[in-house]
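Listed below are the residues making up each chain.
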Amino acid sequence: MQRKWFRADRSGLLTILFGAWLVAGAYAHGADTQGAAAAKPNELWRRGIEFVSKGDFQHAAETVQQIPGGGFMDRIRTWLGEYQAKQSARKDMDRADFEKFVGYSKARIERKEYALALDKALLAADVSEDREAFLRSDWLQQLANDSLAKADELRKKNDWKGAWHIYFDLGELYEREPRYKKMEHEVLTHLRLDTMFNEESNWRERIEKVEWKDAESALECIGLYYVEVPDFKVLTERGLEQLLLLAESQSAQKAFEGLRNEDDRRDFKARIQENLDQVRAAPTLDRRACVERFRRAVQKINKETIRLPEELIVSELMRGALEPLDDFTTIIWPQDVEEFDKHTRGDFIGVGISIIKNRVGEIEVVTPLEDTPAFRHGVQAGDVITKVDGAEIKSFSLTKVVDTITGLPDTPVTLTIRRGDSEIEFPLVRSRVKIQSVKGWQRRPDSTWNHWADEENKIGYVRITNFQKNTAEDLANAMAELKPKGLKGLILDLRWNPGGLLDSAWQVSSLFLNRGDGVVSTKGRNQGEDQRLNAAGDGPYNDVPLVVLVDESSASASEIVSGAIRDNHRGTVIGVRTFGKFSVQNLIPLSSSNAKLKITTSRYYLPSGVSLHREPTSVTWGVEPEISIRLARWERFNAFLLRRDADLLGPPKPVTKTADADKPVDISKVDPLTGEEDGPETKRDAEIDAAKTGAPNDGAAKNADGKTAGADAPKADELPPLEQPDENNRPKEDPQIDTALLFMRVKLLGILHPTLADAERPVPRPIARP
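Residues numbered from 1 in each chain as written. Predicted model: local features only at pLDDT ≥ 70, side-chain atom pairs only at ≥ 80, totals over all residues. Heavy atoms only, no water.

Trainee: Account for the overall build of the protein chain, naming residues and giving values.
Mentor: A tally of regular secondary structure across the protein chain gives 26 helices and 22 strands. A burial count over the protein chain gives 49% of its 770 residues as buried. Of all intrachain contacts in the protein chain linking residues separated by at least 6 positions in sequence, the fraction that spans at least 24 positions is 73%. Counting only carbon and sulfur atoms, one obtains 51% of the accessible surface of the protein chain, whose full area is about 37,000 Å². (Helix = DSSP H or I, 4+ residues; strand = E, 2+ residues; numbered from the N terminus. Buried < 20%, exposed > 50% of the residue type's maximum accessible area, 1.4 Å probe, protein only. Contact = heavy atoms within 4.5 Å. Areas by Shrake-Rupley, 256 points an atom, 1.4 Å probe, with all protein chains shown as cover.)

Right, here's the structure in full:
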């Protein structure tokens, strides 16, 4: 019995144990199911944040849609949904614009209007989904060939402007094709000489104090200090070729008796050509041989034939000789030193206005600058300057207007301004004007800057227009205003920033980096050019989440800062690839005169060890953003308008048909004294500016065919105008700013709520104290 009892008891015990195991297993399974259910939203949340960090906002939107619940997740779904709707609309507009511009271009080709066809092809390339595939298309290749043939025709007719139009467009389309640059330089030389020797130009003033000894000294410095070993054979060839272009210039022939004499001109060209052939036949050429060839051209061949002013021969010779070097190596002749110094100081003597030449060729005020004579006396955005000290300025170039308004300190100048139907005189006194390089989101009523892009989510915004001596200090002041008010994240906008001082870039970078983090290094031919700059200490804002905005105009110092932030994984770079100026220039005085050589002596290297300087044949250059947001042409224009409007001081610009015409202004020509530059100044820019100075107004009225009304208007036997409308169909928004804000908002919520459980946990409230 006992044994049976034991068996029965054991069976019951097993039954009890088995039942308990089932209950425990069921409980455990339920707990696992609940854990998995909780883990899934957390995993989705983590993946959503990861998609945003990579700029994959579409997958981020799809992922967070799967997360249940409301609260802050509803806000994120709304943000991502609105953003995706905008991106979808942008893509639709890009595709529609692409088809439109391709159609426009082909219509121009049928009419054999190749320059206008290239214009439309450029617009199509701007919005194409695959630019490289577009450039390889058969019809576009044929257009390039036909355009080159047309340019040859135009050159034979001395239509240098028409030929330049074609070479410029081809160079913009096929950026890695160096032959277009050489062709463009040749026709620009003719255009510049035509402008230089026109009746209104004082060409003697431009070349005053140019001396051979400075040219010889410059060649010696290039041999010693240029960043790469210079090829003096190529330099000699280009210098002599430039003299042949001078001799062929019809404008120069009209200006100089020696060139009008057929025999003397033929003799000069033959002897220069003989020297050029000898140089081309030589395997190499050193600096001494180069100097000797040039000296012979200046002091012997010229004097024995055409007898042009030595200053002119030296100036043209060196212009050609320096062309094969990089875009930033040039001679600052004595006549240009004062203007050069004005641009590099970050201040100037004037009245304090930013100006442009608008579509109809008038000098228009973009904005007065703060704490300047113009601002204090009530000059407003949209005012049109008609006279300076009583003299009409309608025919003046923008550069000449700037020269006329600026001058010595404490000297009077009177601006006559048209505002609406009224004409007002502003008697002003010139004073030193300091350019403010650190700006914010928008102006407050008292004209100070508001640096909040999103005050609710505590996202700050600082825009740096260029890197000056006090830029880091001004930036630190802006940050010191934001930090006590709960700053959680910062957008640092370096778009349209052409660069500036290396020390300033290092100081700005150091504000956001940790001790020892690399900022930049430089390497040159000479060891003395080598240096490495690291963050000196822990930056006061090294823990602030950071986005850096860049574009194709962000150059030099802007690339140092954005590259240092990216390479040290200290923030996220958003925008498009930067300009690609990773070179360092030094100023060297020449001989005993006031002339200087601005020469590239070394290259910048990012903390990752790469230098991304853009060469004519470069495939890779500049700082690549981690999140790429390319803007179409009208979007760039609208972003510029938003930035310009934010800068305005005083009343907003009045809306008029002339001022607000639906056409992009030439934003690269905003007065450089205000820091409003489109990329760093290059020798090519100077050539184009020199060719345009005194030329017909680029803002002249055009007919529907895109041709200038008047002399270039279609004649009776020509084809009728072709209507090809190009309206600004894009919203007045800034997609790059939109992207930066969305990125930062989600990132900050991800930091605040690493898991969804954290989001549900109540935030402790401070205990009220009596």
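Trainee: I'd like a description of the pairing of strand S15 (residues 489-493), backed by residues and values.
Mentor: Burial of S15 is extensive: five of the five residues sit out of reach of the surface. Every second residue of S15 is oriented toward a common face, with Gly 489, Ile 491 and Asp 493 on one face and Leu 490 and Leu 492 on the other, all of them buried. Where strand S14 (residues 459-464) and S15 come together, five bridges link them in parallel fashion. Bridge assignment links Tyr 461 to a residue of S15, and that residue is Ile 491. Between S14 and its parallel partner S15, the chain crosses via helix H20 (residues 471-482), and the hand of that crossover is right-handed. In this sheet, strand S18 (residues 546-550) lies alongside S15 in parallel orientation, the contact comprising four bridges. Across the sheet, residue Ile 491 finds its bridge partner in S18, namely Val 547. (Pairing = 2+ DSSP bridges. Right-handed = clockwise from strand over helix to strand, strands pointing away.)

Trainee: Describe the nonpolar core, with residues and values.
Mentor: In this structure, Ile 222 and Met 318 are the most contacted members of the largest nonpolar core, which totals 52 residues. The contacts of Ile 222, once residues within four sequence positions are left out, are Pro 230, Phe 232, Leu 235, Leu 322, Leu 325, Arg 525, Leu 597 and Ile 599. Counting residues in hydrophobic clusters, the runner-up holds 41 residues, among them Leu 482, Leu 492, Leu 546 and Val 573. (Core = buried A, V, L, I, M, F, W, Y, C linked by side-chain atoms within 4.5 Å.)

Trainee: How would you summarise the layout of surface pockets if you had to cite specific residues and measurements?
Mentor: Over the atoms a probe the size of a water molecule is rolled, and this reveals where empty space is left. What the second largest pocket holds in volume is close to 610 Å³. If you go around the second largest pocket, you meet 25 residues; those closest to its centre are Gln 87, Arg 90, Lys 91, Ser 628 and Ile 629. Of the residues belonging to the lining of the second largest pocket, the class tally is seven nonpolar, seven polar and eleven charged. (1 Å grid on protein atoms, 1.4 Å probe; cavity = no way out; pocket = protein on both sides within 12 Å on 5 of 7 lines; lining within 4 Å. Points joined across faces, edges and corners; volume = space filled by probe spheres on them. Nonpolar A, V, L, I, M, F, W, Y, C, P; charged D, E, K, R; others polar.)

Trainee: Tell me about the confidence of the model for the protein chain, residues and numbers included.
Mentor: When pLDDT is averaged along the protein chain, the result is 84; 83% of the residues meet or exceed 70. Of the regions scoring below 50 in pLDDT, residues 656-678 engages in 58 contacts with residues more than four places distant in sequence or in other chains. Scored below 50 in pLDDT, residues 762-770 shows zero contacts in the model against residues more than four places distant or in partner chains. (pLDDT = per-residue confidence, 0-100.)

Trainee: How would you summarise the packing of aromatic side chains if you had to cite specific residues and measurements?
Mentor: On inspection of all chains with the given rule, the structure shows twelve aromatic pairs. Relative to Phe 134, the ring of Phe 98 has its centre 5.4 Å away and its plane inclined at 75 degrees; by these criteria the two rings are edge-to-face. One end of the pair, Phe 98, is in helix H3 (residues 72-110); the other, Phe 134, is in helix H5 (residues 131-135), with 36 residues separating them in the sequence. What makes Phe 134 buried here is its relative accessible area of 6%. Here the aromatic rings of Phe 197 and Phe 256 are separated by 5.3 Å at their centres, their planes lie at 85 degrees, and the arrangement is edge-to-face. With Phe 197 in the loop between helix H8 (178-196) and helix H9 (203-206) and Phe 256 in the loop between helix H12 (250-255) and helix H13 (257-260), this pair connects stretches of sequence that are 59 residues apart. Taken individually, Phe 197 and Phe 256 each receive the classification buried, so the pair is uniform in this respect. One aromatic cluster is present, built from ring pairs that chain together Phe 98, Phe 134 and Trp 139. Positioned over the ring face of Tyr 605 is Lys 523, at 4.9 Å from the centre of the ring. (Phe/Tyr/Trp six-rings, centres within 6.5 Å; stacked < 30°, edge-to-face > 60°. Lys NZ or Arg CZ within 6 Å of the ring centre and 35° of its normal.)

Trainee: Which residues make up helix H15 (residues 287-304), and what values go with them?
Mentor: With 18 residues, H15 should cover 26 Å at 1.5 Å per step; its first-to-last C-alpha distance of 25 Å lies within 8% of that length. A maximum bend of about 35 degrees is found in H15 at Ala 297. Those residues of H15 not exposed but buried are Cys 290, Val 291, Arg 293, Phe 294, Ala 297, Val 298, Ile 301 and Asn 302. Tucked inside the fold, the buried residues of H15 contact helix H10 (212-225), helix H11 (232-248), helix H14 (262-281) and helix H16 (310-321). (Expected span 1.5 Å × (residues − 1). Bend = angle between axes of the 7 residues up to and from the residue.)

Trainee: Requested: an account of the environment of His 753, with residues and values cited.
Mentor: Assignment of secondary structure puts His 753 in the loop between helix H25 (735-752) and helix H26 (756-760). In this structure the C-alpha to C-alpha distance between His 753 and Trp 45, which are 708 residues apart in sequence, comes to 9.6 Å.

Trainee: Describe the packing of H8 against H11, with residues and values.
Mentor: For the pair H8 and H11, the least separation of the axes is 10 Å and the interaxial angle reads 45 degrees. Comparing the axis directions of H8 and H11 gives the class oblique. As for the relative orientation of H8 and H11, their crossing is right-handed in sense. Taken together, the residues of H11 that come into contact with H8 (itself represented by Lys 182, His 185, Glu 186, Thr 189, His 190, Arg 192 and Leu 193) are Arg 238, Glu 241, Gln 242, Leu 245, Leu 246 and Glu 248. (Axes fitted to C-alpha atoms, helices over the stretch in contact; angles between N-to-C directions. Parallel < 35°, antiparallel > 145°, perpendicular 65-115°, else oblique. Left-handed = near helix turned anticlockwise from the far one by under 90°.)

Trainee: Tell me about the environment of Ile 737, and name the residues and values.
Mentor: Turning to its location among the elements, Ile 737 is positioned in helix H25. Taking the relative accessible area as the measure of exposure, Ile 737 reaches 7% and is therefore buried. Remark: the alpha-carbon pair of Ile 737 and Ala 453, spanning 284 residues in sequence, is separated by 9.4 Å. Setting aside anything within four residues of it in sequence, one finds Ile 737 in contact with Trp 441, Tyr 461, Asp 493, Arg 495 and Leu 549.

Trainee: Mind laying out the packing of H20 against helix H21 (residues 502-510), listing which residues take part and the relevant values?
Mentor: Put simply, H20 and H21 touch, their axes get as near as 8 Å, and they point 25 degrees apart. Classified by the angle between their axes, H20 and H21 sit roughly parallel to one another. Taken as a pair, H20 and H21 cross one another with a handedness that is right-handed. Together, Thr 471, Ala 472 and Leu 475 of H20 and Ser 504, Gln 507 and Val 508 of H21 make up the contact between the two elements.

Trainee: A description of the pattern of salt bridges should follow, citing residues and the corresponding values.
Mentor: Under the criterion given, the structure shown has 51 salt bridges. Residues Glu 304 and Arg 271 are paired through a salt bridge, measuring 2.8 Å at the closest nitrogen-oxygen approach. Within this pair, whereas Glu 304 is found in helix H15, its partner Arg 271 is found in helix H14, the two being separated by 33 residues in sequence. Here the salt bridges share partners, and the residues they tie into one network are Arg 90, Asp 94, Asp 97, Lys 100, Glu 635 and Arg 730. (Salt bridge = Lys/Arg side-chain N within 4 Å of Asp/Glu carboxyl O.)

Trainee: Please give an account of the environment of Leu 369 that cites residues and values.
Mentor: Position of Leu 369 relative to the elements: it lies in the loop between strand S4 (363-368) and helix H18 (373-376). The class for Leu 369 is buried, based on a relative accessible area of 16%. Sequence-wise, Leu 369 and Ile 353 are 16 residues apart; in three dimensions their C-alpha atoms are separated by 5.5 Å.

Trainee: Kindly report on the pairing of S18, identifying the contributing residues and their values.
Mentor: Working note: regular strand, side chains alternate between the two faces of the sheet. Of all five residues making up S18, five are buried, and the element is well covered by its neighbours. The alternating pattern of S18 places Leu 546, Val 548 and Val 550 on one face and Val 547 and Leu 549 on the opposite face, and all of these are buried. With four bridges connecting them, S18 and strand S19 (residues 572-575) associate as parallel partners. Its bridge partner being in S19, Val 550 is matched across the sheet by Gly 575. Where the polypeptide runs from S18 across helix H22 (residues 557-567) and back to S19, its parallel neighbour, the crossover connection is right-handed.

Trainee: How would you summarise helix H2 (residues 57-64) if you had to cite specific residues and measurements?
Mentor: Among the residues making up H2, those that are buried are Phe 57, Ala 60, Ala 61, Thr 63 and Val 64. Taken end-on, H2 shows its buried residues confined to a sector of 165 degrees, consistent with a single buried face. (Arc of directions from axis to C-beta.)

Trainee: Can you explain unusual backbone geometry? Please cite residues and give values.
Mentor: Even without a glycine there, the phi angle at Asn 158 is positive, about 60 degrees. By secondary structure assignment, the location of Asn 158 is in the loop between helix H6 (138-156) and helix H7 (160-173).

Trainee: Let's hear about the side chain of Thr 329: which residues, and what values?
Mentor: Locating Thr 329 in the fold gives a position in the loop between H16 and strand S1 (330-332). What makes Thr 329 buried here is its relative accessible area of 0%. A polar atom in the side chain of Thr 329 sits 3.2 Å from the backbone nitrogen of Thr 600. (Polar contact = N/O pair within 3.5 Å; in protein donor to acceptor, adjacent residues only side chain to side chain.)

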